[in-house]
Amino acid sequence: MCDFPFFSLVCTGEIFELKAELNSDKKEKKKEAVKKVIASMTVGKDVSALFPDVVNCMQTDNLELKKLVYLYLMNYAKSQPDMAIMAVNTFVKDCEDPNPLIRALAVRTMGCIRVDKITEYLCEPLRKCLKDEDPYVRKTAAVCVAKLHDINAQLVEDQGFLDTLKDLISDSNPMVVANAVAALSEIAESHPNSNLLDLNPQTINKLLTALNECTEWGQIFILDCLANYTPRDDRESQSICERVTPRLSHANSAVVLSAVKVLMKFMEMLPKDLDYYGTLLKKLAPPLVTLLSAEPELQYVALRNINLIVQRRPEILKHEMKVFFVKYNDPIYVKLEKLDIMIRLASQANIAQVLAELKEYATEVDVDFVRKAVRAIGRCAIKVEQSAERCVSTLLDLIQTKVNYVVQEAIVVIKDIFRKYPNKYESVIATLCENLDSLDEPEARAAMIWIVGEYAERIDNADELLESFLEGFHDESTQVQLQLLTAIVKLFLKKPTETQELVQQVLSLATQDSDNPDLRDRGYIYWRLLSTDPVAAKEVVLAEKPLISEETDLIEPTLLEELICHIGTLASVYHKPPSAFVEGSRGVQHKRLPGSAGSGESADSPDTGSAAGVSEAPPAVIPSQGDLLGDLLNLDLTPPTTSGPPPAPSSGMQMGAMDLLGGGLDSLVGLLHAAMGAGFGAPPTAMPASFPPPVSGGLDDLFDLGGSVGMPMGAYSPPKSIWLPAMKAKGLEISGTFARRAGVIQMEMTLTNKAMSIMTDFAIQFNRNSFGLAPAGPLQVLTPVGPNQSIEVALPLSTVGPVMKMEPLTNLQVAVKNNIDVFYFSSQYPISMLFVEDGKMERQVFLATWKDIPNDNEAQFQIKDCHLNSDAASSKLQGSNVFTIAKRTVEGQDMLYQSMKLTNGIWVLAELRVQAGNPNYTVMSRLVFVLTCSGANHKDYKTESREV
């Protein structure tokens, strides 16, 4: 029967007529009336006034009529919660109906009615339906638990529905199992720490058994659940892979991608020399290729997922290059994605085929696609070194076509090739210069200017070429202006006598006539460099540049791991983690791949050697500006041979301490001042401009102003902070702090493995530093650190290492090595870690020394908001080896005279003034450094500090 006539009801008095029909004694007439109500509701008409009349129609045996009434209830229950309670009795009654379809319909509807008043009445019928004899009712009830949990989580937990849901995983019916897994997974997502899906081998076996018999969407739920399981060993991983592999031939692409996700994860656990590993790689290719024969939208989703898979395991599709060749009728979004995958699969073996295709694409009519194709040729040259010459030749052929946008893209690409292979393909510069006049895009003009500036000594008329760009300097984009400024400065440094007027002209334009702050700042930097130290300018501007790498286009390894775990979802299409686009990201779990088999093997495949050219050797790591420089890069990272606790600090001054006094006394004074006042917004009244910025870990930290007054006394240890982020260390994150315990300085670290492979063979080394800090023994990491594991390490430090003045003084440069690479970072240790336990000066010596300091050598500053009296402050400071020698009270103000001794024998004297009731302390910086050096006559030498 066609229901279309119901949607054409628009007549006056319609509600009244419907009300009469709904209360009719004739079942057929009543059903027709409910249909009219649903039709009106569907087209947006308000029929909530008929709520009581529709609810009365629930008392019927007609399944079709019940469905219509339940549909009406789900729509209007939220706006009529009091009226909705009228239907509860009917729901309860229907849940005990002999017909399983009605029982399931009732419990499904009750779960969809999101009214708090109804949920308490739903519990008993739901409990019965979860244990119903009919599997259709049980599977419907399982989904209802997830809906009820979303409405009232506490009620579900109190009623024990979660335990019942877990029991359903062992149900004999596969669809019940699939729905139970789906419900538990949804609940677990909103409560990531609840461990609802406590998967074990027995549960996994039940899920795999149900996998073969349930519907396609049930299979997806089960496969997604399997992907969250971590096998105990490679044998279990292989067993699961063997049972999941048949899903690769399923007709539903969602099932195929879910199966691929499971296999990609469990392959990490398989030894790469296993025969099954190679077999599995071969089995993964055909289903992925088959996905590309679907309609364009599905192709795009498949290609985005394949892009991730190829980055992780390029060997899976290395022989399937042809399927990614672009077809003439492909939409542009499919074409661009195929192009990207072609570059990722390019190797020495197939580069000729790829270049022929790309050259063909460069003659297409779609401008955007042509640009991408030309850029792809450049990326191939950078990725496969053996093909670079052929790629350059191809680009020159394209330049000869004289098609404007092709020429411009080719020049941009050739600039990158020059950066990858310097001094190798300069013969093409003449051809590029011939097309100078046709360049009208900023990126192409900037690229050409860079080439002219970089190779100015090989271009006879370089000054004329750059001068031609300079004529319309203010009309150029910022990108071109910046590049032109740098290129002319390079030209001047290479040919100073010929281009002096040109460089003055560009510097004047950049600094005096420009409103752009970036351009103006760069101009001033160059001007000052050239005017003060031309040799330094040459070293800076003409410094050797790091080589670029095609690897920069790859997704960061940690993010790639997470995206692989989300294959088949929106995250794999966006190439972003769920937390980046799920609103609120409540309950979003960050997933990681399990550690690969073997000790510390990387995830690269055995077949991806340089011969195949699929996976090139990673480029050399170039430390960023914040990393260590200088001789730290050449440190011998073998563990120190000494063992045991570090030697006690000597009372005599160490070798190298004179370096600190020779050029660093002011720095040490400044450090102590800054440390005392850090965080209180009151710098010393006469602090020199050369002092470093305040650092944490000063006397304000020793006072522990954070509020832990009730804590036991002892040396202050700052909280751990991240020293080396995982993003900069291929997945290794190091956080730590420094502490002084029982007279021993310790470097307390947490090593966290956020990569996919196991980390072993840890070693550590320090660069020379101001106080001779060095590891007193090897870094004790006795067990391998697996993926997502952390380990706590306490490294004892000695102070007998080589000394070199650092800036700032407490800066420590560290190199850490493991089986993956060597990583560098810097950290600053609190000066209080260096205060030794025998730093209490004799009272008479202190008084005599204190009197000898002239009053002119005095500066003062304040420590604010410290609510401790003088005795409490003295006690707290003593815990960090700051000793009170004497105390006196003058006009209601307590004056504490204190001494500290550093590990290298340097003494520090200070005065602390505490006014009762005033939370601000005054520190008098009457400092003296007494160097006790053991000599032939055991004389003491005293050196006063300079005026601060």
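Since we're looking at a predicted model, the values are computed, not measured.

**A look at the overall build of the protein**
Piece 1. Helix and strand content of the protein: 36 helices and 15 strands.
Piece 2. Put simply, the protein has 948 residues, and 53% of those count as buried.
Piece 3. Within the protein, contacts between residues at least 6 apart in sequence are counted, and of these 68% link residues at least 24 apart.
Piece 4. Total accessible area computed for the protein in this model is approximately 43000 Å², and 50% of it derives from carbon and sulfur atoms.

**Details of the sheet that holds strand 4 (residues 763-766)**
Piece 1. Spatial strand order, 4-7-8: three strands in an open sheet with antiparallel pairing. Of all strands in the sheet, those bounded by a partner on one side alone are strand 4 and strand 8 (822-828). Recorded for the sheet is a direction-independent mean angle of 25° between the axes of neighbouring strands.

**With respect to the packing of aromatic side chains**
Piece 1. Summed over all chains, the structure comprises 10 aromatic pairs.
Piece 2. Between phenylalanine 771 and tyrosine 829 the ring centres are 6.5 Å apart and the planes differ by 80°, which places this aromatic pair in the edge-to-face class. Of this pair, phenylalanine 771 sits in the loop between strand 4 and strand 5 (774-775) while tyrosine 829 is found in the loop between strand 8 and helix 35 (843-852), placing the two residues 58 residues apart along the sequence. Note on accessibility: phenylalanine 771 and tyrosine 829 belong to one class, buried.
Piece 3. Arranged with centres 6.3 Å apart and planes meeting at 75°, the rings of phenylalanine 846 and tyrosine 897 form a pair that is edge-to-face. Pair noted here: phenylalanine 846 is in helix 35 and tyrosine 897 is in strand 11 (residues 893-901), with a separation of 51 residues, a long-range link. Tyrosine 897 matches phenylalanine 846 in its accessibility class, with the two residues each being buried.

**Regarding the sheet that holds strand 5**
Piece 1. One open sheet accounts for five strands, arranged 1-2-3-6-5; its pairing is antiparallel. Edge strands, defined here as strands with exactly one partner in the open sheet, are strand 1 (721-724) and strand 5.

**Side note on the nonpolar core**
Piece 1. Core analysis: the biggest nonpolar cluster contains 207 residues, and Tyr72, Leu73, Leu207 and Phe418 have the highest contact counts within it.
Piece 2. The dominant element in this core, judged by the number of residues it contributes, is helix 27 (residues 478-494), at 10 residues.
Piece 3. Here phenylalanine 418 is in contact with Tyr425, Glu426, Val428, Ile429, Leu432, Trp450, Ile451 and Tyr455, once residues within four sequence places are set aside.

**A word on the environment of alanine 763**
Piece 1. Summarising the element assignment, alanine 763 is placed in strand 4.
Piece 2. Taking relative accessible area as the criterion, alanine 763 reaches 3% and is therefore assigned buried.
Piece 3. With 53 residues separating them in the primary sequence, alanine 763 and valine 816 have C-alpha atoms 5.8 Å apart.

**Concerning the environment of isoleucine 382**
Piece 1. Topologically, isoleucine 382 is positioned in helix 21 (residues 367-383).
Piece 2. The class of isoleucine 382 is buried, set by a relative accessible area of 11%.
Piece 3. Separated by 166 residues in the primary sequence, isoleucine 382 and isoleucine 548 have C-alpha atoms spaced 8.1 Å apart.

**Concerning the environment of proline 174**
Piece 1. Inspection of the secondary structure assignment puts proline 174 in helix 12 (residues 174-190).
Piece 2. Measuring from C-alpha to C-alpha, the distance between proline 174 and leucine 208 comes to 9.8 Å, with 34 residues separating the pair along the chain.
Piece 3. In this structure proline 174 touches Ala210, Glu213 and Cys214, once residues within four positions along its chain are discounted.

**Structural notes on a nonpolar patch on the surface**
Piece 1. Taken together, the side chains of Leu570, Tyr574, Phe581 and Val582 make up a nonpolar region of the molecular surface, amounting to roughly 340 Å² of accessible area.
Piece 2. With respect to the helices and strands, the residue tyrosine 574 is situated in helix 32 (residues 570-574).
Piece 3. Relative accessible area serves as the criterion here: at 43%, tyrosine 574 is assigned to the partly exposed category.

**Overview of the side chain of aspartate 132**
Piece 1. Its place among the elements puts aspartate 132 in the loop between helix 8 (116-130) and helix 9 (135-151).
Piece 2. Residue class for aspartate 132 comes out buried when judged on its relative accessible area of 12%.
Piece 3. Non-local contacts of aspartate 132, meaning those with residues more than four positions away in its chain, are made with Arg103, Val137 and Arg138.

**Looking at a negative patch on the surface**
Piece 1. Together, Glu464, Glu467, Glu471 and Glu501 make up a negatively charged patch on the protein surface.
Piece 2. Inspection of the secondary structure assignment puts glutamate 471 in the loop between helix 26 (462-470) and helix 27.

**A closer look at helix 36 (residues 870-878)**
Along an α-helix, residues three or four positions apart point the same way, because every turn accommodates 3.6 residues.
Piece 1. Burial in helix 36 covers these residues: Ser870, Ala873, Ser874, Lys876 and Leu877. Seen from one end, helix 36 has its buried residues packed into an arc of 165°, which puts them on one side.
Piece 2. Its side-chain oxygen at 3.2 Å from the backbone nitrogen of aspartate 871, asparagine 869 defines the N-terminal cap of helix 36.

**A look at unusual backbone geometry**
Most peptide bonds take the trans configuration, and most residues that are not glycine carry a negative phi.
Piece 1. Here the residue pair glutamate 807 and proline 808 is connected by a cis peptide bond, since its omega of 0° sits within 30 degrees of zero.
Piece 2. Although it is not a glycine, lysine 730 sits at a positive phi angle of roughly 50°.
Piece 3. One can find lysine 730 in the loop between strand 1 and strand 2 (732-741).

**Digging into helix 14 (residues 216-226)**
Piece 1. Taken residue by residue, helix 14 has Gly218, Gln219, Ile220, Ile222, Leu223, Cys225 and Leu226 as its buried positions.
Piece 2. The secondary structure elements touched by the buried residues of helix 14 are helix 12, helix 13 (201-211), helix 15 (234-244) and helix 16 (253-266).

**Some thoughts on the pattern of salt bridges**
Side chains that carry opposite charge are capable of pairing whenever their charged atoms lie near each other.
Piece 1. Applying the stated rule across the entire model yields 33 salt bridges.
Piece 2. Note that arginine 313 and glutamate 268 form a salt bridge whose closest N and O atoms lie 3.1 Å from each other. Placement of arginine 313 in the loop between helix 18 (296-312) and helix 19 (332-345) and of glutamate 268 in the loop between helix 16 and helix 17 (275-290) is noted, with a sequence separation of 45 residues between them. The exposure classification of arginine 313 matches that of glutamate 268, with both residues buried.
Piece 3. One salt bridge in this structure joins glutamate 409 and arginine 375, with 2.5 Å as the shortest N-O distance. Residue glutamate 409 is found in helix 23 (residues 404-420), and its partner arginine 375 is found in helix 21; the two are separated by 34 residues along the sequence.
Piece 4. For glutamate 409, a relative accessible area of 5% translates into the label buried.
Piece 5. Residue arginine 375 is classed as partly exposed on the basis of its relative accessible area of 30%.
Piece 6. Connected through shared salt-bridge partners, Arg371, Arg375, Glu409, Glu441 and Glu443 make up one network.

**As for the packing of helix 27 against helix 30 (residues 534-541)**
A pair of packed helices can be characterised by two numbers: the angle between their axes and the separation between those axes.
Piece 1. Interaxial distance between helix 27 and helix 30 falls to 10 Å at its minimum, and their mutual angle equals 125°. Considering the angle they form, helix 27 stands oblique to helix 30. The handedness of the crossing between helix 27 and helix 30 is left-handed. Contacts from Val489, Lys490 and Leu493 of helix 27 reach helix 30 at Pro534, Ala537, Lys538 and Val541.
Piece 2. Within the contact of helix 27 with helix 30, the residues separate by chemical class into five nonpolar, no polar and two charged.

**Focus on the pairing of strand 7 (residues 811-817)**
Piece 1. Among the seven residues that make up strand 7, six are buried, leaving the element largely enclosed by the rest of the structure.
Piece 2. In this structure, strand 4 lies alongside strand 7, joined through four bridges in antiparallel fashion. Bridging from a neighbouring strand, isoleucine 764 pairs with valine 816 of strand 7.
Piece 3. Connecting strand 7 to the next strand, strand 8, in antiparallel fashion are four residues.

**Topic: the pairing of strand 6 (residues 790-798)**
Piece 1. Bridging between strand 3 (residues 744-753) and strand 6 involves eight bridges; their strand directions are antiparallel. Looking at the pairing, glutamate 748 lines up with alanine 794 of strand 6.

**With respect to the side chain of asparagine 435**
Piece 1. Residue position: asparagine 435 is located in the loop between helix 24 (429-434) and helix 25 (442-454).
Piece 2. One polar contact links asparagine 435 to lysine 402, side chain to side chain, over a distance of 3.2 Å.
Piece 3. Setting aside its immediate chain neighbours within four residues, asparagine 435 contacts Ile399, Lys402 and Val407.

**Description of the confidence of the model for the protein**
Piece 1. When pLDDT is averaged along the protein, the result is 78; 80% of the residues meet or exceed 70.
Piece 2. Considering only residues more than four positions removed or in separate chains, one finds that residues 598-669, a stretch of pLDDT under 50, has 156 contacts.
Piece 3. Counting interchain partners and residues more than four positions distant, the pLDDT-below-50 stretch residues 929-948 has 55 contacts.

The rules we used
- Residues numbered from 1 in each chain as written.
- Predicted model: local features only at pLDDT ≥ 70, side-chain atom pairs only at ≥ 80, totals over all residues.
- Heavy atoms only, no water.
- Helix = DSSP H or I, 4+ residues; strand = E, 2+ residues; numbered from the N terminus.
- Buried < 20%, exposed > 50% of the residue type's maximum accessible area, 1.4 Å probe, protein only.
- Contact = heavy atoms within 4.5 Å.
- Areas by Shrake-Rupley, 256 points an atom, 1.4 Å probe, with all protein chains shown as cover.
- Pairing = 2+ DSSP bridges.
- Axes fitted to C-alpha atoms, helices over the stretch in contact; angles between N-to-C directions.
- Phe/Tyr/Trp six-rings, centres within 6.5 Å; stacked < 30°, edge-to-face > 60°.
- Core = buried A, V, L, I, M, F, W, Y, C linked by side-chain atoms within 4.5 Å.
- Patch = residues over 30% accessible without salt bridge, like charges linked within 9 Å, V, L, I, M, F, W, Y side chains within 5 Å.
- Salt bridge = Lys/Arg side-chain N within 4 Å of Asp/Glu carboxyl O.
- Lys, Arg positive; Asp, Glu negative; His and termini not counted.
- Charge placed at Lys NZ, Arg CZ, Asp CG, Glu CD.
- Arc of directions from axis to C-beta.
- Polar contact = N/O pair within 3.5 Å; in protein donor to acceptor, adjacent residues only side chain to side chain.
- Parallel < 35°, antiparallel > 145°, perpendicular 65-115°, else oblique.
- Left-handed = near helix turned anticlockwise from the far one by under 90°.
- Nonpolar A, V, L, I, M, F, W, Y, C, P; charged D, E, K, R; others polar.
- pLDDT = per-residue confidence, 0-100.

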